[in-house]
Amino acid sequence: MSATNPAAEIPVLARMAPLRIAPPSRWWAIPFRELWDFRELLYFFVWRDIKVRYKQTAIGAAWAVLQPFLTMLVFSLFFGKLAHIPSQGLPYPIFYYSALLPWMYFATALQSATSAIVDNQRVITKVYFPRLTLPLSTVLAGLVDFGISFLMFAAMMVYYRMPVRATMLWLPAFLLLAVLTALGVGLWLSALNAIYRDVKYVMPFLVQFWMFASPVAYPSSLVPAKWQWLYGLNPMAGVIEGFRWSLAGSGHAPGRLVLVSAGMVLLTLLSGLAYFQKMETTVSDVV
Amino acid sequence: MSETVIRAEGLGKRFRVGERERYLALRDLITRTLAKPFRRERKRQTDYLWALRDVTFEIKQGEVVGLIGRNGAGKSTLLKVLSRITRPTAGYAEIHGRVGSLLEVGTGFHPELTGRENVYLSGAILGMRHAEISRKFDEMVAFSGVERFIDTPLKHFSTGMQMRLAFAVAAHLDPEILLVDEVLAVGDLEFQKKCLGKMEEVSRTGRTIVFVSHQMNQIRRLCERAFWIEGGQIYRTGLANQIVGAYEADMSSGASSGDNGNRAAGKTRFVRWTIEDEESGVPNILASTGRVRVAFGVQLSAPLRMGVHGVSLYNGDRNLIWGTAVYNLELPVGTHSLVHELPSLPLRPGPYTWRVTLWDEHGLLDDWQCVPEMLVTTEPVTHPRDEWAGVLNIPAAFSVE
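Owing to the predicted nature of the structure, the values given are computational and were not obtained by experimental measurement.

Enquirer: Hey, could you run me through the overall build of chain B in this one?
Expert: Helix and strand counts for chain B come out as nine helices and 18 strands. Among the 401 residues that make up chain B, the fraction classed as buried is 38%. Considering only residue pairs separated by 6 or more positions, chain B has 72% of its internal contacts joining residues 24 or more positions apart.

Enquirer: What is the right way to look at the overall build of chain A in this model?
Expert: Helix and strand counts for chain A stand at 14 helices and one strand. In terms of its C-alpha atoms, chain A occupies a principal-axis envelope of roughly 80 × 40 × 40 Å. Within chain A, the proportion of its 287 residues that are buried is 41%. Contacts in chain A between residues at least 24 apart in sequence constitute 81% of all its contacts with a sequence separation of at least 6.

Enquirer: Help me understand the packing of helix α3 (residues 39-54) of chain A against helix α3 (residues 115-126) of chain B in this model?
Expert: Working note: a packed helix pair is described by the angle between its axes plus the distance between those axes. One can describe the packing of α3 of chain A onto α3 of chain B by two numbers: an axis separation of 9 Å at closest approach and a directional angle of 145 degrees. Relative to α3 of chain B, the crossing made by α3 of chain A is left-handed. For the pair α3 of chain A and α3 of chain B, the contacting residues are Glu-40, Leu-41, Phe-44, Arg-48 and Lys-51 of chain A in the first and Glu-117, Tyr-120, Leu-121, Ala-124 and Ile-125 of chain B in the second. Tallied by class, residues from the contact of α3 of chain A with α3 of chain B come to six nonpolar, no polar and four charged.

Enquirer: Just to check I follow, could you spell out unusual backbone geometry for this structure?
Expert: Negative phi is the rule for most residues except glycine; trans is the rule for most peptide bonds. We note that His-84 of chain A has phi near 55 degrees; this positive angle belongs to a residue other than glycine. Inspection of the secondary structure assignment puts His-84 of chain A in the loop between α4 (62-82) and α5 (92-114). Although it is not a glycine, Asp-54 of chain B adopts a positive phi angle of roughly 55 degrees. By the secondary structure assignment, Asp-54 of chain B is in strand β2 (residues 47-60). Judged by local crowding, Asp-54 of chain B falls into the partly exposed class, with 15 C-beta atoms found within 10 Å.

Enquirer: Got a minute to help me understand helix α8 (residues 133-159) of chain A in this structure?
Expert: For α8 of chain A, spanning 27 residues, the distance from its first C-alpha to its last is 40 Å, which sits close to the expected 39 Å at 1.5 Å a residue. Backbone geometry just after α8 of chain A places Arg-161 of chain A at a positive phi near 50 degrees.

Enquirer: Quick question: what am I supposed to make of the interface of chain B and chain A here?
Expert: When the parts of a complex come together, some accessible area is lost, and that lost area is often taken as the interface size. Taken together, the contact pairs 48 residues of chain B with 37 residues of chain A. Top contributing element to the side of chain B that touches chain A by residue count: α3 of chain B, with six residues. Looking at the side of chain B that touches chain A residue by residue, the class counts come to 22 nonpolar, 14 polar and 12 charged.

Enquirer: Looking at this structure, how should I read the nonpolar core?
Expert: For soluble globular proteins, nonpolar side chains are generally found buried alongside one another. In this structure, Ala-182 of chain A together with Phe-211 and Ala-226 of chain B are the most contacted members of the largest nonpolar core, which totals 142 residues. Element by element, the count of residues in this core is highest for α5 of chain A, at 15 residues. If we skip the residues at most four places from it in the chain, Ala-182 of chain A touches Tyr-105, Phe-106, Ala-109, Leu-110, Val-139 and Gly-142 of chain A. Core analysis: the second largest hydrophobic core is formed by 22 residues, Phe-270, Trp-273, Leu-365 and Cys-370 of chain B among them.

Enquirer: Explain the domain arrangement of chain B to me, please; I cannot follow it from the model alone.
Expert: All names here are of chain B. Domain parsing of chain B yields domain 1 (4-251) and domain 2 (269-376). If you average the C-alpha positions of domain 1 and of domain 2, the two centres end up 41 Å apart. Counting residues at the interface gives six residues for domain 1 and six residues for domain 2. Breaking the side of domain 1 that touches domain 2 down by element, the ones donating at least two residues are α7 (216-222) and α8 (240-253).

Enquirer: What exactly am I supposed to notice about the sheet that holds strand β12 (residues 292-300) of chain B here?
Expert: Hydrogen bonds between backbone atoms are what pair the strands of a sheet, whose relative direction is either parallel or antiparallel. Residue and element names in this part refer to chain B. Read from one edge of the open sheet, three strands run β10-β12-β15, paired in antiparallel fashion. Lying at the two open borders of the sheet, with one neighbouring strand each, are β10 (269-276) and β15 (334-342). Sheet twist, expressed as the average angle between the axes of neighbouring strands with direction ignored, equals 20 degrees. Across seven bridges, β10 lies against β12 in antiparallel orientation. Across the sheet, residue Glu-276 finds its bridge partner in β12, namely Arg-293.

Enquirer: Would you mind going over the sheet that holds strand β9 (residues 233-239) of chain B with me for this structure?
Expert: Residue and element names in this part refer to chain B. Taken in spatial order, the six strands line up as β5-β6-β7-β3-β8-β9 in an open sheet, and their pairing is mixed. In this open sheet, the two strands that pair with only one neighbour each are β5 (99-102) and β9. Ignoring strand direction, the axes of neighbouring strands in this sheet form an average angle of 15 degrees. Of the pairings in the sheet, the one linking β5 to strand β6 (residues 177-181) comprises four bridges and is parallel in character.

Enquirer: Teacher, can you tell me more about the confidence of the model for chain A here?
Expert: Detailed conclusions should not be drawn from predicted coordinates in areas where pLDDT is low. Residues and elements named next belong to chain A. Averaged over chain A, the pLDDT score is 84; the fraction of residues at 70 or greater is 91%. Summarising per-element confidence for chain A, the mean pLDDT is lowest in helix α1 (residues 5-15) (40) and highest in helix α9 (residues 171-195) (92). Here residues 1-15 scores under 50 on pLDDT; set against residues more than four positions off or in separate chains, the count is 22 contacts.

Enquirer: Before we go on, may I ask you to explain the packing of α3 of chain B against helix α5 (residues 159-171) of chain B in this structure?
Expert: Residue and element names in this part refer to chain B. For the pair α3 and α5, interaxial distance at closest approach is 10 Å and the crossing angle is 40 degrees. One finds that α3 runs oblique with respect to α5. When the axes of α3 and α5 are compared, the crossing they make is right-handed. Contacts between α3 and α5 involve Gly-115, Val-119, Ser-122, Gly-123 and Leu-126 from the first element and Leu-165, Ala-166, Val-169 and Ala-170 from the second. Looking at the contact of α3 with α5 residue by residue, the classes come out as six nonpolar, three polar and no charged.

Definitions and cut-offs
- Residues numbered from 1 in each chain as written.
- Chains lettered and ligands numbered in written order.
- Predicted model: local features only at pLDDT ≥ 70, side-chain atom pairs only at ≥ 80, totals over all residues.
- Helix = DSSP H or I, 4+ residues; strand = E, 2+ residues; numbered from the N terminus.
- Buried ≥ 20, exposed ≤ 12 C-beta atoms within 10 Å, placed from the backbone.
- Contact = placed C-beta atoms within 7 Å.
- Axes fitted to C-alpha atoms, helices over the stretch in contact; angles between N-to-C directions.
- Left-handed = near helix turned anticlockwise from the far one by under 90°.
- Nonpolar A, V, L, I, M, F, W, Y, C, P; charged D, E, K, R; others polar.
- Expected span 1.5 Å × (residues − 1).
- Core = buried A, V, L, I, M, F, W, Y, C linked by C-beta atoms within 7 Å.
- Domains from an automatic or database assignment.
- Pairing = 2+ DSSP bridges.
- pLDDT = per-residue confidence, 0-100.
- Parallel < 35°, antiparallel > 145°, perpendicular 65-115°, else oblique.

Below is the structure:
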């Protein structure tokens, strides 16, 4: 055997614990170590999703701004001006955009997460990597669009001369909550879609329904106080209220609502991870 | 340096086949659940298929092992289990070292990205680090030969160019253990040669390779050991040459033993051919480099006058190895055996084809490319690689005087 450079590494690795391939036993265990080992691949998947999205598009990155902006215009006109839905003292555009910011992120992250496994079935059946990387990459890739539409929001804040508040420091926390929500639901959907292919078609309806169940087009104060906790079971309710409060200072610090939502997010995330891991043990056989 | 790098113990993989639909839809699940109380309980038989069953083996570091077997025998499934793409149903395997799987060429390629971007993406998917890809980038592009187009979107590449680029990336994978599944069967001949060369280079650096192929010459060239997989189990293991020889013998014995069956009856024609060779005992297998008698049976419906009988022998690459002709044959009606006796036919192992013709004063009577092929299963006496030793298998004696 030659003692060339690569061969010299072999004895080192052989001393490491051998990899054991066996029927799935502890499938619920989240492979943190492995995910860390494959972090570069995660980066590449995110990079790929972003690049592919913007290649060969005429509007490209502008779409990330246009979608929330146009929706905000329509809402401001119909829900605000015409239907006179209360906006907690905020100018209508600010009121709606501050909610559309996390909502658009959530909706697009969900759409791409749902088909994450199925779209990549060729790669899944030919190479090994922890499958969690796929929905994780779609959820992270959505942050780029979020960043771009946030810039638009910053411009709007300047235009409406909204003051900079200390509450804005809470924004990263609510953003994290939004990401975890998208991840939790995304894991469920991508796993379900890998097995039941029509989930993808149910998605648009689900997203629309969900939007109306969230305080995007109206403030959560519309919901009577004694039902607030039930309303909070929608994790996005806490996220959106949190965004509105931290960015524009509307309403009081959303305490109970956010707490319930955060609890739901945790539940969704843990159960989503479990279901996804279970699906992963047979994914390459069924996808 | 004889550490075990792959050890498998009773590996098994079971698939469910039959009634189950390939893709389920939620609506079906819902209707089925709702209809359950109303439906008569049918006996649902779930058919299982054991794609792998009780597979046990050990592969040491630096070995190049070939996996051969019929389609559906379980070779690709075994590679998939060892690559962790699919989980085994039973048994376990232990792997020491980094594994690189080449189950497909162009894994991860995306048509919208440029060649450069795809190299990075594909490399990352196959398991290379970013730094590693950057380091080997120029080498990979040079190997593929698509430097000029490296920054154009992949969808503008021809399929050949895509394949070359894909293989260039895959060939520069640097794992301790390489699992390769029939990827060398793609591309034109020149490309295949290049890929084979690269594989040989890799095997020389001491890496362990497990290689699936249907091309026996590749197995012979690259592998020291071979596993013959049949019906999900390891049927035989041993030296590559021996196992391949046995496999080929098994494959051909099922075919017709040299009968020229589907040709027009009643006319003058060749009807069969055999080797009269004691060593192998099978009429179309040549196992020795010594004396051999080849007989071609011919059926004449009319007397033959001024007959010319031509014989040609072609090797696996369709090159003419030997040819001869016999003139002025005079034969009566009936069946005759035209026998050629050769003091020696020193050929390297592989498939060969006989072709015989018969002419008379009026023209061509019959031209038959003999089936089945002749399989030569001799031991190569010189270098095991054909490219260094050629076609002949001559045990020459050497001396200095």
